[in-house]
Amino acid sequence: MLGISAGIAAYKIPSLIRLFKKEGASVRVILTPDAHAFVTPLTLSVLSQEPVLSSFVSEDADNPVWNDHVALGNWADLMLIAPATANSLSAMAHAKCNNLLIATYLSARCPVMIAPAMDLDMYAHPANQKNLKTLEAYGNIVLPVGEGSLASGLEGKGRMLEPQEILEHSIRYFYSQSPLLGKKVLITAGPTYEPIDPVRFIGNFSSGKMGLALAYQAANLGAEVHLILGPHSLDTDEVPFNIEEISTADEMHAAVFNLYDTIDFAIAAAAVADFKPRMRASQKIKKETGTPLIELIPNPDILAQMGKQKKNQFLVGFALETENELVHAIEKLKRKNLDAIVLNSLADTGAGFASDTNKITYIGKNETPKSFPLKSKEDVAKDIWNEILT
Ligand code: PMT
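A brief look at the structure comes next. Just so it is clear, the structure is predicted and the values come from calculations on it, not from any experiment.

### Notes on the sheet that holds strand β2 (residues 29–31)
In space, the five strands of this open sheet follow the order β2-β1-β5-β6-β7, with parallel pairing throughout. Only two strands of the sheet have a single partner each, and these edge strands are β2 and β7 (141–142). Bridge count for strand β1 (residues 2–4) against strand β5 (residues 79–84) is two bridges, and the pairing is parallel. Residue pairing for β5: L2 is matched across the bridge by L80. Running over the sheet, helix α8 (residues 163–176) touches β5, β6 (112–116) and β7 and is turned about 160 degrees from β6.

### Describing the site of the ligand
By nearness alone, 27 residues border the ligand, and S207, A270, K332, N344 and A354 come closest of all. Separating an oxygen atom of the ligand from a backbone N or O atom of K209 is a distance of 3.3 Å. In the complex, 95% of the free accessible area of the ligand, which totals 770 Å², lies under the protein chains. Elements supplying a minimum of two residues to the shell around the ligand: α9 (209–220), α11 (302–308) and β18 (314–321). Looking at which element gives the most residues to the shell around the ligand, the answer is β18, with four residues. Classifying every residue of the shell around the ligand gives 14 nonpolar, seven polar and six charged.

### A closer look at the packing of aromatic side chains
Within this structure, the stated rule accounts for seven aromatic pairs. Taken together, a centroid distance of 5.3 Å and an interplanar angle of 65 degrees make the contact between Y173 and F174 edge-to-face. Note on F174: relative accessible area 36%, which makes it partly exposed. These aromatic residues form a ring-pair network of at least three members: F265, F314 and W385. When the ring centre of W75 is taken as origin, the NZ or CZ atom of R28, which lies over that ring, is 5.2 Å away.

### Some details on the sheet that holds strand β15 (residues 265–268)
One open sheet accounts for eight strands, arranged β14-β13-β10-β15-β18-β19-β21-β22; its pairing is mixed. Only two strands of the sheet have a single neighbouring strand rather than two, namely β14 (242–245) and β22 (369–371). Taken pair by pair, the neighbouring strands of this sheet meet at an average axis angle of 15 degrees, ignoring direction. Direction of pairing for strand β21 (residues 360–364) relative to β22: antiparallel, over a ladder of three bridges. Note that in β22 the partner of I363 across the bridge is P369.

### With respect to a nonpolar patch on the surface
Judged by side-chain polarity, I8, Y11 and F38 come together as a nonpolar surface patch covering roughly 310 Å² of accessible area. Among the structural elements, Y11 can be located in the loop between β1 and α1 (13–22). We classify Y11 as exposed; its relative accessible area is 51%.

### Thoughts on the nonpolar core
If you look at the biggest cluster of nonpolar residues, it comprises 34 residues, and the most contacted ones within it are V185, L214, I384 and W385. Looking at this core, the elements that each hand over two or more residues are β10 (184–189), α9, β13 (224–229), β15, β18, β19 (340–345), β21 and α13 (377–389). Looking at which element gives the most residues to this core, the answer is α9, with seven residues. Beyond its immediate chain neighbours, meaning those up to four positions away, L214 contacts I187, I267, A269, F318, A381, I384 and W385.

### As for the side chain of H226
Structurally, the position occupied by H226 is in strand β13. Residue classification places H226 among the buried positions, given a relative accessible area of 13%. Polar contacts involving the side chain of H226 include one to the side chain of E224, which spans 2.7 Å. Apart from the residues within four sequence positions on either side, H226 is in contact with K184, V185, L186, I187, N242 and L259.

### Some thoughts on the pairing of β13
Across the six residues that make up β13, a large majority, five, are buried. Pairing of β10 with β13 involves six bridges; the strand directions are parallel. Bridge pairing in β13 places T188 opposite I228. Here β13 pairs with β14 via four bridges, running parallel. What sits directly across from L227, in β14, is I243.

### What to know about the side chain of N344
Here N344 shows up in strand β19. Since its relative accessible area comes to 6%, N344 is described here as buried. The residues touching N344, leaving out its near neighbours within four places in the chain, are F318, A319, L320, E321, G352, N358, K359 and I360.

Calculation notes
Residues numbered from 1 in each chain as written. Predicted model: local features only at pLDDT ≥ 70, side-chain atom pairs only at ≥ 80, totals over all residues. Heavy atoms only, no water. Pairing = 2+ DSSP bridges. Helix = DSSP H or I, 4+ residues; strand = E, 2+ residues; numbered from the N terminus. Contact = heavy atoms within 4.5 Å. Axes fitted to C-alpha atoms, helices over the stretch in contact; angles between N-to-C directions. Near = heavy atom within 4 Å. Polar contact = N/O pair within 3.5 Å; in protein donor to acceptor, adjacent residues only side chain to side chain. Areas by Shrake-Rupley, 256 points an atom, 1.4 Å probe, with all protein chains shown as cover. Nonpolar A, V, L, I, M, F, W, Y, C, P; charged D, E, K, R; others polar. Phe/Tyr/Trp six-rings, centres within 6.5 Å; stacked < 30°, edge-to-face > 60°. Buried < 20%, exposed > 50% of the residue type's maximum accessible area, 1.4 Å probe, protein only. Lys NZ or Arg CZ within 6 Å of the ring centre and 35° of its normal. Patch = residues over 30% accessible without salt bridge, like charges linked within 9 Å, V, L, I, M, F, W, Y side chains within 5 Å. Salt bridge = Lys/Arg side-chain N within 4 Å of Asp/Glu carboxyl O. Core = buried A, V, L, I, M, F, W, Y, C linked by side-chain atoms within 4.5 Å.

Okay, structure coming up:
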C-alpha cells in the first residue's frame, strides 16, 4: 500500500511503482488530496493496475462507493508512505485523521515504512525530528533522507530516497522477516485411502487442514514448500507452493522419497493408514457373495524411514493419541529418530481431525513438553514454526 503525500518527490513514485511491479508485488495507491498537484491519479492507476483512492467516498455517477480504510489497511503486507511530508508526519504522529491516507495508516496492522521528503530547514526542525522519533517509537520504519540539491535550490539533507533505494529497503525488510528463505520444506498432510475394491477404501477423518496451515506458514516465512496431500476437499487453487496430490500410503511414500534428500525441514502431519488390504478386488464386491473377510497388511511407516535416512533434515512428526498421550508421543519421538513431535489428543475438544482448531503439545529432543491452548490451525502452525526456529 503506497501512500503519497503532497511533496515534489511524488513525481518519482510512478517509477517506484514500476520497480515494485517488476518484483511481483501487488501495489495499491492512496493519494492525499493535495498530492494530485504533483502526480496524476491516471498515471498511478495505469502503472499499479488498480484504482487510485484519495477520499473516503468515490463518486461513481449515482452510486457513491465508500473506500473502507480498515479493509485497505488490512489488505497490505507493507504500507509505505512516500513521500512523507512534514504535514503527513505530524498527522501520523498525533492521530490527526484528516484524510484517507492517515485513516488507513492509523488502521493498518502491517509494518509501515516512511520515506520523509522535505526541505533542509523543515527536515531539521526540532518539531519535525520529534515527530519522526515518535513515529519510530510507535514501531514504524523511518528511512533516512538523501542529501543533495533540494527543490528550493538549497543543498543538504531532506531529499526522498531514490525509488531504487526505497525498493531495496523494502526487499531487505521482507528478507529479514523470512528465516526460511532458501530452505526447502516438505509437509505431508491429509488422509490416505487404501482401496478395497473400485468403490470402497479404508481411510480416516483427516481433512488436511493442519498440514495446509503449516505449508502456508512455511511459505510466509520464505521457504520453497512441497506439500504431499492425501484426498481432500480443501481450496488449493491459488496456494503459493507446490502440491502433489496422492491417494495411498505407497504413493505418499514414493512422493516423499522423491524429494527427501534435498529437503531442509520435513513435517509429517498426514494421517497415514497403518494397514492396507492385501488384495484390491478388481470388481465391486457384491453383498450377495456374503460378508467378505478383508486381510490387511502393514503400510510402510513413512516417517520412521525418514528418521532412518535423516542426514541434515530437521524432522518433525505428529502423534495423534487418545490416552497416555505424552508417553506414546515421546516413544514415537525416539523410535522414529525425530527432532521434535507435535502431540494432539482426541481427548481434547476441538483438537485433531477435521476441525478448524487444534490443541497441541510440542516436544523437542530434550523431551520437555510445551503445551499450547486451543487455537485456530493457522495459529497452531505459527506456534509450531516458532518452536522449530528457536
Ligand atoms: O488433517 P486434519 O483434519 O487437519 O487433522 C490433523 C491431524 C489430526 C491429522 C494431525 O494433526 C495429526 O495428528 N497427524 C498425525 C496423525 C497420525 O497418523 O498420527 P500417528 O500417531 O498414527 O502417527 C505418527 C506419525 O507417523 C505421524 O507424523 C504420521 O504422519 C506418521 N506415519 C504414521 C504411519 C505411517 N504408516 N507412516 C507415517 O509416516
